Amino acid sequence: MDKLELKFKQTLEKIKLNKKDKILVALSGGKDSTVTAYLLKKFDYNVEGFHIDLGMGDYSKKCLNSVKELCEKYDIKLHLYDIKKEMGNSMCYIRTAIQTTTGKGLKNCAICGVIKKWIMNREARKLKVDEIATGHNLDDEVQTFLMNILKGSPQLSANSGAITQNVKDKKFITRIKPLFYVAENDVREYSKKMKLPVVYEHCPCAFDSYRIQMRQFTNDLTTKEKENIIKNFDNLSENIQKLKTSEELHYCEKCGEPSRNKICKMCQLMKIK
Ligand code: SF4
Ligand SMILES: [Zn+2]
């Protein structure tokens, strides 16, 4: 078996993923989520795909085409969410409106990420899925872990890991990251070797994120060093979880979605009255 496939399989075994569970893969059209869906299907998991069309011009069209091609070719049921139809405007428009009205200098990805997570959780619940699978890889996780440490908030990593750990709530869909231990370069190579339909270009709106700066910082690390960081994270995980104050999960007073605050981040951004 290919080395990447083995790591993927071992991760699913580690998190004890049940073959009967209905898993919804958050498909972006990029290499990571594409490989995640492809391998879950290859290993006979009960997998469906979910794609949010962000309406960001040519880039979004290419992503949509790749996702459709993947799902047709590998017989994966695809659910589409068109943000323009559902929310009235493209992500670029919504984001600019939020940045203009809040004036807090919020980064593009911070806004887009909150909106996508909110949509994913709600739609996954409607589809009665057991888990949402995302394409986060070893590099993403190293960056997140380091970003949280540099922000002085290691407790923000408490829910990280190949499976969400702390949040147990009937309205919150468990997230899994089967590529958690696989380096980004290996995912890229594998997607090319398997000739998967992937958009390799970067999102045109990702230019200002803190993550990009962190990526430049971690680019020079070897895979072994990145693995060591995540190994340390795994070892520290229990202690990091203790750092968490006893946070309760509320239901947002505006939209009813699970939230750590009375008003969820999505409603705070959208200023839903
Ligand atoms: S890279 Fe950032 S702006 Fe682009 S789709 Fe992802 S979260 Fe949104
Ligand atoms: Zn809300």
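In this text the structure is predicted, and so the values were computed from the model without any measurement. (Residues numbered from 1 in each chain as written. Chains lettered and ligands numbered in written order. Predicted model: local features only at pLDDT ≥ 70, side-chain atom pairs only at ≥ 80, totals over all residues. Heavy atoms only, no water.)

A.B. asks: What is the right way to look at the overall build of the protein chain in this model?
C.D. replies: Secondary structure assignment for the protein chain yields eleven helices and seven strands. Computed over its C-alpha atoms, the radius of gyration of the protein chain comes to 18 Å, within 12% of the 19 Å expected for a compact globule of 273 residues. Expressed as lengths along the three principal axes of its C-alpha atoms, the size of the protein chain is roughly 55 × 45 × 40 Å. Here the protein chain holds 273 residues, and the buried ones make up 49% of them. Residue pairs at least 24 apart in sequence account for 74% of intrachain contacts in the protein chain once pairs closer than 6 positions are excluded. Carbon together with sulfur atoms contributes 50% to the accessible area of the protein chain, which is approximately 14,400 Å² in total. Counting 50 positive and 35 negative side-chain charges, the protein chain places the centres of these two groups 4 Å from one another. (Helix = DSSP H or I, 4+ residues; strand = E, 2+ residues; numbered from the N terminus. Rg over C-alpha atoms; globule rule 2.2 N^0.38 Å. Buried < 20%, exposed > 50% of the residue type's maximum accessible area, 1.4 Å probe, protein only. Contact = heavy atoms within 4.5 Å. Areas by Shrake-Rupley, 256 points an atom, 1.4 Å probe, with all protein chains shown as cover. Lys, Arg positive; Asp, Glu negative; His and termini not counted. Charge placed at Lys NZ, Arg CZ, Asp CG, Glu CD.)

A.B. asks: For this particular structure, what's the right way to read the coordination of the zinc ion (ligand 2)?
C.D. replies: Four donors placed tetrahedrally around a metal ideally meet at 109.5 degrees, and six donors placed octahedrally ideally meet at 90 or 180 degrees. Summarising the metal site, the zinc ion (ligand 2) is bound by the protein donors Cys 252 (SG), Cys 255 (SG), Cys 264 (SG) and Cys 267 (SG), whose distances to it range over 2.2 to 2.3 Å. For the zinc ion (ligand 2), the four donor atoms in the first shell make angles of 107 to 112 degrees at the metal, so the coordination geometry reads as tetrahedral. In terms of primary sequence, the donors binding the zinc ion (ligand 2) are separated according to C-x2-C-x8-C-x2-C. Overall, the relative accessible area of 28% leaves Cys 255 in the partly exposed class. By relative accessible area, Cys 264 is classed as buried at 5%. (Donors = N, O, S within 2.8 Å, 3.2 Å for Na, K, Ca; no water. Tetrahedral: all angles 85-135°; square planar, octahedral: opposite > 155°, others 65-115°.)

A.B. asks: What should I look at first to understand the packing of helix H5 (residues 91–102) against helix H6 (residues 108–126) in this one?
C.D. replies: One way to put it is that H5 packs onto H6 with a least axis distance of 10 Å and a crossing angle of 115 degrees. The chirality of how H5 crosses H6 is right-handed. Side by side, H5 and H6 meet where Met 91, Ile 94, Arg 95, Ile 98 and Gln 99 of the first sit next to Asn 108, Ile 111, Cys 112, Ile 115 and Lys 116 of the second. Classifying every residue of the contact of H5 with H6 by side-chain character gives six nonpolar, two polar and two charged. (Axes fitted to C-alpha atoms, helices over the stretch in contact; angles between N-to-C directions. Left-handed = near helix turned anticlockwise from the far one by under 90°. Nonpolar A, V, L, I, M, F, W, Y, C, P; charged D, E, K, R; others polar.)

A.B. asks: Quick question: what am I supposed to make of the packing of aromatic side chains here?
C.D. replies: Each aromatic ring pair is described using two quantities: the centre-to-centre distance and the angle formed by the ring planes. Applying the stated criterion across every chain yields a total of five aromatic pairs. For the ring pair Tyr 38 and Tyr 190, a centre distance of 6.3 Å and an interplane angle of 55 degrees mean the geometry is tilted. Of the two residues, Tyr 38 sits in helix H2 (residues 31–42) while Tyr 190 sits in helix H8 (residues 184–193), which places them 152 residues apart along the sequence. Neither Tyr 38 nor Tyr 190 differs from the other in exposure class; each is buried. Look at Phe 180 and Tyr 181: their rings are 4.9 Å apart centre to centre, the planes differ by 75 degrees, and that puts the pair in the edge-to-face class. Overall, Phe 180 belongs to the buried group, its relative accessible area being 0%. An aromatic cluster of at least three residues, connected via ring pairs, comprises Tyr 38, Tyr 74 and Tyr 190. Lying across the ring of Tyr 251, Lys 171 places its NZ or CZ 4.7 Å from the centre. (Phe/Tyr/Trp six-rings, centres within 6.5 Å; stacked < 30°, edge-to-face > 60°. Lys NZ or Arg CZ within 6 Å of the ring centre and 35° of its normal.)

A.B. asks: In this structure, what is going on with the sheet that holds strand E2 (residues 46–53)? I would like to understand it.
C.D. replies: Hydrogen bonds between backbone groups are what pair the strands of a sheet, and the pairing can be parallel or antiparallel. Pairing is parallel across the open sheet formed by five strands, whose spatial order is E3-E2-E1-E4-E5. Each edge of the open sheet is held by one strand with a lone partner, namely strand E3 (77–82) and strand E5 (174–176). Looking at each pair of strands side by side, their axes are set apart by 30 degrees on average, direction ignored. Here strand E1 (residues 22–26) runs beside E2; their pairing, made up of five bridges, is parallel. Across the sheet, the residue bridging to Ala 26 is Phe 50, located in E2. The strands touched by H2 are E1, E2 and strand E4 (131–133); relative to E1, the strand with the most contacts, the crossing angle is about 155 degrees. (Pairing = 2+ DSSP bridges.)

A.B. asks: Please explain the pairing of E2 as it appears in this structure.
C.D. replies: Side-chain positions along a regular strand alternate between the two faces of the sheet. Within E2, seven of the eight residues are buried, which leaves it mostly tucked inside the rest of the structure. For E2 and E3, the ladder comprises six bridges, and the chain directions are parallel. Of the residues in E3, the one forming a bridge with Ile 52 is Tyr 81. Between the parallel pair E2 and E3, the chain is carried across by helix H3 (residues 57–73), and the sense of this crossover is right-handed. (Right-handed = clockwise from strand over helix to strand, strands pointing away.)

A.B. asks: Looking at this model, I keep getting lost on the pairing of E1. Mind explaining?
C.D. replies: You can see the chain leave E1, run along H2 and come back into E2, and the turn it takes is right-handed. Across three bridges, E1 lies against E4 in parallel orientation. What sits directly across from Ile 23, in E4, is Glu 131.

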